[in-house]
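The chain contents come next:
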Amino acid sequence: MLQVTVIVVGHVLGTVLAHDRALALFPRRTAVIGQIPLLVLMVVYTVVGLLLLFAG
């Protein structure tokens, strides 16, 4: 259970930090639109990480 929590929290934290950094560098609209690919990637990483964890 701890591994699942660490995977999910790590990916959420990474996404939030990247979003905050993007807001500091770009106008809001550009930052939000630019974060969509990262959001999708982080969801995929989370799902793959959980699948690998439960397969083992």
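Please read these numbers as outputs of a predicted model, since none were measured by experiment.

## Observations regarding the overall build of the protein
Step number 1: Looking only at helices and strands, one finds 2 helices and 0 strands in the protein.
Step number 2: Whereas a compact globule of 56 residues would reach a radius of gyration of roughly 10 Å, the protein reaches 13 Å, over 25% beyond that.
Step number 3: Along the three orthogonal principal directions, the C-alpha set of the protein runs to about 45 × 15 × 10 Å.
Step number 4: Sorting the 56 residues of the protein into buried and exposed places 18% on the buried side.

## Some words on the side chain of Gln35
Step number 1: Summarising the element assignment, Gln35 is placed in helix 2 (residues 28–55).
Step number 2: Looking at Gln35, the relative accessible area reads 15%, which means it is buried.
Step number 3: With sequence-adjacent residues up to four places away left out, Gln35 is seen in contact with Thr15, Ala18, His19 and Ala22.

## Some details on the environment of Val8
Step number 1: In this structure, Val8 sits in helix 1 (residues 2–25).
Step number 2: Between the C-alpha atom of Val8 and that of Val48, which follows or precedes it by 40 residues, the distance is 11 Å.
Step number 3: In contact with Val8, not counting residues within four places along its chain, are Thr46 and Leu50.

## Side note on helix 1
Step number 1: Here helix 1 contains 24 residues, and its C-alpha end-to-end distance of 34 Å stays within 8% of the 34 Å for a straight helix at 1.5 Å per residue.
Step number 2: If you check which residues of helix 1 are buried, you get Val4, His11, Thr15 and Ala22.
Step number 3: Of the surrounding secondary structure, the elements contacted by the buried residues of helix 1 are helix 2.

Rules behind the numbers
Per chain, residues are indexed from 1 in the order of the written sequence. Per-residue local features of the predicted model are confined to residues with pLDDT of at least 70, and side-chain atom pairs are confined, for both listing and counting, to 80 or more; whole-chain, interface and lining totals are unaffected and use all residues. Hydrogens and waters are ignored; side-chain quantities use all the structure's heavy atoms. Where helices and strands are cited, they refer to DSSP runs of H or I of at least four residues and of E of at least two residues respectively, numbered from the N terminus. Taken over C-alpha atoms, the radius of gyration is set against a globule rule of 2.2 Å times the number of residues to the power 0.38. Using a 1.4 Å probe on the protein chains alone, a residue whose accessible area is under 20% of its type maximum counts as buried, one over 50% counts as exposed, and one in between counts as partly exposed. Throughout, a residue-residue contact means that at least one pair of heavy atoms, one from each residue, lies within 4.5 Å. A helix is expected to span 1.5 Å multiplied by its residue count minus one.

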